[in-house]
Every structure is written in structure tokens, then in C-alpha cells.
Amino acid sequence: MDVKTKFRMNSKELINSIKNNEFIIFLQPKFDTITEKVVGAEALVRRLKAEKIVMPSEFIPQYEKTGAITKLDMYVLEEVCKLQEKWKKLKFPLIPISINESRHHLKNKNHINELQKVINKYNVDTNLIELEMTETTVIEDILTAKGAAEAVKKLGFIVSMDDFGTGYSSFNILKDIEIDILKIDKEFFKNLDDNKRAQIIIETIVKMCKKLKIKTVAEGIETKKQLDFLKKIGCDIIQGYYFSKPITIDEFEKKYLEK
Ligand code: C2E
Ligand code: MG
Ligand code: MG
């Protein structure tokens, strides 16, 4: 079967599963390093199959391969817009929610219009939506990524770079693309306590970002020791199991937003 036919099938199947509410969004809170208060969340998709939760690693690669992932990402964006609209109505504290943007959007010249179209449907401020591009996506085509980042920033979206440090020429990207937030990949924080070199690298990234006026998010923080280190070096935001795993929207609202 060629990729186009596979894409069509995947898209059809995907649209049906979206209609059947098979995809649900979990939110993982992000915390201010110093105050330890919630300052944002990341939307992470899960699939419900036979009442079991299927993780993104089991279905995203397949959708990525065919390009059908773009439909799923737009669904997530739409759900996040609805959620922000609801929170506004309920007078909950308004915090930005980030969504993951697949590499396929970059190649799509119409993507900005698609984003605008969704945004126009809802009463939501674009500065409450953060678009996460992964470092590897950006490296594939820096010029296009630069253009895309500028265009979405013009619309008011927050732009962040996800999984920083996993690609080959990370620093080169920072020279070319004006992002708002840098998410330092969780790999950096593994065995942090006895890896002095990793500590120096992280501290240097945080310092550099401060000079570039880029906020830093540390991903995958699981221990108090890691948190203390990040407090000491001035990393802005923490995301990780130490504070919370991704949870359902209901749980998130009850735990962090309802008074
Ligand atoms: P990501 O965007 O880097 O998201 C962070 C992942 O790290 C999440 O995995 C999260 O549950 C996990 N994580 C957070 N804190 C910790 C921690 O302290 N320890 C450990 N071990 N893991 C932690 P998840 O939800 O399984 O998502 C995996 C990846 O799937 C995401 O990585 C993202 O690349 C992709 N993904 C998820 N949802 C979407 C989506 O709607 N669209 C697209 N295109 N990709 C998505
Ligand atoms: Mg992400
Ligand atoms: Mg990440």
C-alpha cells in the first residue's frame, strides 16, 4: 500500500476515532520553581481502547509516518481552546496550556491559516496557548521553522522548543529562532546528582537563556534533589512526576483551579 492510501485510511480511521471520543487529553501541570505554584500545563493525548489507556508512544509514530498526526494535533488544539474558553467563563485562574506540534505542520503552508481558523471559533487569547516544536523538527529545516515561529508569534501564540538537547546542533537553532521558552529534555536530569558535567551544562543553558530572555522549563523532574538544584541555578519552571504526572482535566481543575 502506498503512503497516500495509507494516509487516507489512517485519516479516516483517525477522524472516526476522534468522533467516537477515543482520544482524551491529559494535563500535566508546570510549576514555578520558586513559589511551587502552578503556572501552566501541557496537553498530552491518550487513546481509550476497550477501556484501557493507550500511551502516545504506541500510536503517534504510526500517525507521524503517514502525516495523519496533523489532524490529531488540530483536534488537541481545538479541545484546548474549548477548555480555555470554559475556564474563562468559570473565572478560573487563566494559565497557558501547551500543545505538541508535529513536524508535519512545518511543511504545510496552510498551517497558520488553520491555526487562525480554530482560534477565531473560540473566545480565547492566543497568549494562553503555547506551541511546542521539538528540537529535531526545527533542525530538519531551520529556515522554514524560523518563518513558522515568527508567523505564530505574530498571532500572539507562545512558542517553545521541546526536548532541547536531544538533537545534534541545538545551539545553532537558538541563534536563528526567537523562541519564548526552552524545555530542557529529561535525559539531562538522569543521574544528575553524581554527574557534575551535566550540572555545569544545565546551569550554563539556564544562564544563556536568561541573557536571551528565554524562559527555561526542566522536564522530567522526579526528585527533591533535582528540584533544589534547579532552584539554585534559577531555572524558571518545573514539569515532572515530582509534582505531578499527567492527569485528567477533571482532576486538574479540582486540584489546581477550583477555589
Ligand atoms: P513530550 O512532549 O516531551 O512530553 C513529555 C513526556 O514526558 C510525557 O510523556 C510525560 O508524561 C513525560 N513525563 C513528564 N514528566 C516526567 C517525569 O518526571 N518522568 C518521566 N519518566 N516522564 C515524564 P507522554 O505523555 O507519554 O508523551 C510522550 C510524547 O508523545 C510527548 O513528549 C510528545 O512528543 C508526544 N505527544 C503527546 N501528545 C501529543 C500530541 O497531542 N501531538 C503530538 N504531535 N505529539 C504528542
Ligand atoms: Mg511536549
Ligand atoms: Mg519534551
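Nothing here was measured: the structure is a model prediction, and the numbers come from that model.

What counts, and where the lines are drawn
- Residues numbered from 1 in each chain as written.
- Chains lettered and ligands numbered in written order.
- Predicted model: local features only at pLDDT ≥ 70, side-chain atom pairs only at ≥ 80, totals over all residues.
- Heavy atoms only, no water.
- Helix = DSSP H or I, 4+ residues; strand = E, 2+ residues; numbered from the N terminus.
- Rg over C-alpha atoms; globule rule 2.2 N^0.38 Å.
- Contact = heavy atoms within 4.5 Å.
- Areas by Shrake-Rupley, 256 points an atom, 1.4 Å probe, with all protein chains shown as cover.
- Lys, Arg positive; Asp, Glu negative; His and termini not counted.
- Charge placed at Lys NZ, Arg CZ, Asp CG, Glu CD.
- Near = heavy atom within 4 Å.
- Polar contact = N/O pair within 3.5 Å; in protein donor to acceptor, adjacent residues only side chain to side chain.
- Nonpolar A, V, L, I, M, F, W, Y, C, P; charged D, E, K, R; others polar.
- Core = buried A, V, L, I, M, F, W, Y, C linked by side-chain atoms within 4.5 Å.
- Buried < 20%, exposed > 50% of the residue type's maximum accessible area, 1.4 Å probe, protein only.
- Donors = N, O, S within 2.8 Å, 3.2 Å for Na, K, Ca; no water.
- Axes fitted to C-alpha atoms, helices over the stretch in contact; angles between N-to-C directions.
- Left-handed = near helix turned anticlockwise from the far one by under 90°.

1. Regarding the overall build of the protein
- When you go through the protein residue by residue, the secondary structure sums to 11 helices and 10 strands.
- Computed over C-alpha atoms, the radius of gyration of the protein comes to 18 Å, within 12% of the 18 Å expected from 2.2 N^0.38 for 259 residues, which places it in the range of a compact globule.
- Viewed in the frame of its principal axes, the protein has a C-alpha envelope of about 50 × 45 × 35 Å.
- Pairs at least 24 residues apart make up 65% of the contacts formed inside the protein by residues separated by at least 6 positions.
- About 14,000 Å² of surface is accessible on the protein, with carbon and sulfur atoms providing 54% of the total.
- Of the charged side chains in the protein, 45 are positive and 40 negative; the average position of the first set lies 1 Å away from that of the second.

2. Here we look at the site of ligand 1
- For ligand 1, the set of nearby residues contains 24 residues, the closest of which are Arg46, Asp73, Asn100, Glu222 and Tyr241.
- With respect to ligand 1, the side chain of lysine 186 contributes an N or O atom lying 3.0 Å from an oxygen atom.
- Within the side chain of glutamate 219, a nitrogen or oxygen atom sits 3.5 Å from an oxygen atom of ligand 1.
- If you list the elements that add at least two residues to the shell around ligand 1, you get β2 (38-49), α2 (56-66), α3 (69-89) and β6 (158-164).
- Counting residues per element, the shell around ligand 1 draws most heavily on β2, at four residues.
- Partitioned by chemical class, the residues of the shell around ligand 1 number 10 nonpolar, five polar and nine charged.

3. Side note on the nonpolar core
- Counting residues in each nonpolar core, the largest one holds 72 residues, and the members touching the most others are Leu182, Ile202 and Leu230.
- Sorting elements by how many residues they give to this core places α3 first, with 10 residues.
- In this structure leucine 182 touches Met161, Phe164, Leu174, Ile205, Cys209, Ile214, Lys215, Thr216 and Val217, once residues within four positions along its chain are discounted.

4. Overview of the coordination of the magnesium ion (ligand 3)
- Those protein atoms acting as donors to the magnesium ion (ligand 3) are Asp162 (OD), Asp163 (OD), Glu219 (OE) and Glu219 (OE), and they sit at 2.0 to 2.5 Å.
- Along the chain, the residues that donate to the magnesium ion (ligand 3) are spaced as D-D-x55-E.
- In this model, the magnesium ion (ligand 3) sits 4.1 Å from the magnesium ion (ligand 2), the two metals being bridged by aspartate 162. Separated by 56 residues along the polypeptide, aspartate 163 in strand β6 and glutamate 219 in strand β8 (residues 215-219) bring together distant segments of the chain.
- The class of aspartate 163 is partly exposed, set by a relative accessible area of 22%.

5. Quick look at the packing of α3 against helix α11 (residues 249-257)
- Where α3 contacts α11, the axes come no closer than 13 Å and their chain directions differ by 35°. As for how α3 packs across α11, the hand of that crossing is right-handed. Across the interface between the two elements, Leu83, Lys86 and Trp87 of α3 pack against Ile249, Phe252, Glu253 and Leu257 of α11.
- Of the residues that constitute the contact of α3 with α11, the class distribution is five nonpolar, no polar and two charged.

6. Here we look at the coordination of the magnesium ion (ligand 2)
- The magnesium ion (ligand 2) binds to the protein through Glu42 (OE), Asn100 (OD1), Glu132 (OE) and Asp162 (OD), with metal-donor distances spanning 2.0 to 2.2 Å.
- All donors of the magnesium ion (ligand 2) belong to a single chain; written as a sequence motif, their spacing is E-x57-N-x31-E-x29-D.
- For aspartate 162, a relative accessible area of 4% puts it in the buried group.

7. Observations concerning unusual backbone geometry
- For glutamate 36, which is not a glycine, the phi torsion comes out positive at approximately 60°.
- Tracing the backbone shows glutamate 36 in the loop between β1 (23-32) and β2.
- Judged by relative accessible area, which is 35%, glutamate 36 ranks as partly exposed.
- Despite not being glycine, aspartate 163 has its phi angle at roughly 55°, a positive value.

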